[in-house]
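Working through the structure, step by step
One letter stands for each residue in the lines below.
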Amino acid sequence: MESDDSDSDTDSTDKFIILSERIDAKSLEKQELYISITYKSRTVGYLNAVVMDVGSLKAGGFRDDKLKCQDKEIEDELLLFYKSLSNVLDTHVVFYITDFFLEKEYRGLGLGGDILQLLPNWLKIHHPEVNDLYLFPYPLEKSNGKVECVKSENPKKILEMRSRLIRFYLANGLRKTQTEFLYMPIHPAA
């Protein structure tokens, strides 16, 4: 991915986990971010996220083109998120995680939970405008070197994988909404 605004930030929030941010696209309403996850000097995963100013979108009269993204799947996901929750969002700026991926050999070690515990403080430092974190829990796997949503499994298997993810996220501080999206308050809107 080519970066419109090359902003590299490293935060040693833990002696073993480092989150490094790159802004891939930026507008008044949103920023597309890529956050590399490094553990013991090895890149072990990443977060793709969007910082979205919901207050601006609402105040300016929402238009679909305001959420145009470099990746059409992310754009579709943001539109679904916004349309599903815009009437109940009590926040001005959200951090929406589109992808949270850890390499298979680093799963089950507690790193995912550690990252979710570190993320609120990291956001307060690097994106103090963010009020809440949101995500849609869906399993990701690497196939032929490319990370994708799990689609080839049978529906029952995908449902089981999603259920495990939901339990993981709920155990690590996220909460349910009235939709399938989960959220974590970072700090209340002013």
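A brief report on the enclosed structure follows. Numbers given to residues run from 1 along each chain, matching the order in which its sequence is written. Residues qualify for local features only when their pLDDT is at least 70, as the model is predicted, and side-chain atom pairs are given and counted only at 80 or more; totals for whole chains, interfaces and linings, by contrast, use all residues. Where side-chain values are given, they derive from all heavy atoms of the structure, hydrogens and water being excluded.

Overview of the environment of F100
Secondary structure elements follow DSSP: runs of H or I no shorter than four residues count as helices, runs of E no shorter than two count as strands, and numbering proceeds from the N terminus. Along the polypeptide, F100 turns up in strand β5 (residues 93-102). The spatial distance from the C-alpha of F100 to the C-alpha of G112 is 8.8 Å, given a sequence separation of 12 residues. Throughout, a residue-residue contact means that at least one pair of heavy atoms, one from each residue, lies within 4.5 Å. Dropping the residues within four chain positions of it, F100 is found in contact with I37, Y46, L47, G112, I115, L116, L140, F168 and Y169.

Describing the nonpolar core
To qualify as a nonpolar core, a set must consist of buried Ala, Val, Leu, Ile, Met, Phe, Trp, Tyr and Cys residues joined through side-chain atoms within 4.5 Å. Using a 1.4 Å probe on the protein chains alone, a residue whose accessible area is under 20% of its type maximum counts as buried, one over 50% counts as exposed, and one in between counts as partly exposed. Core analysis: the largest hydrophobic core is formed by 33 residues, its most contacted members being I37, F95, F100, L119 and L133. Breaking this core down by element, the ones donating at least two residues are β2 (17-26), β3 (30-39), β4 (42-53), β5, α3 (111-126), β6 (132-135), α4 (155-171) and β10 (182-185). In terms of residues, this core owes the most to one element, α3, which gives 7 residues. For L133, the contacting residues outside a window of four places in its chain are F95, I97, L119, L123, L174, L182, Y183, M184 and I186. Core analysis: the second largest hydrophobic core is formed by 17 residues, V50, C69, L79 and Y134 among them.

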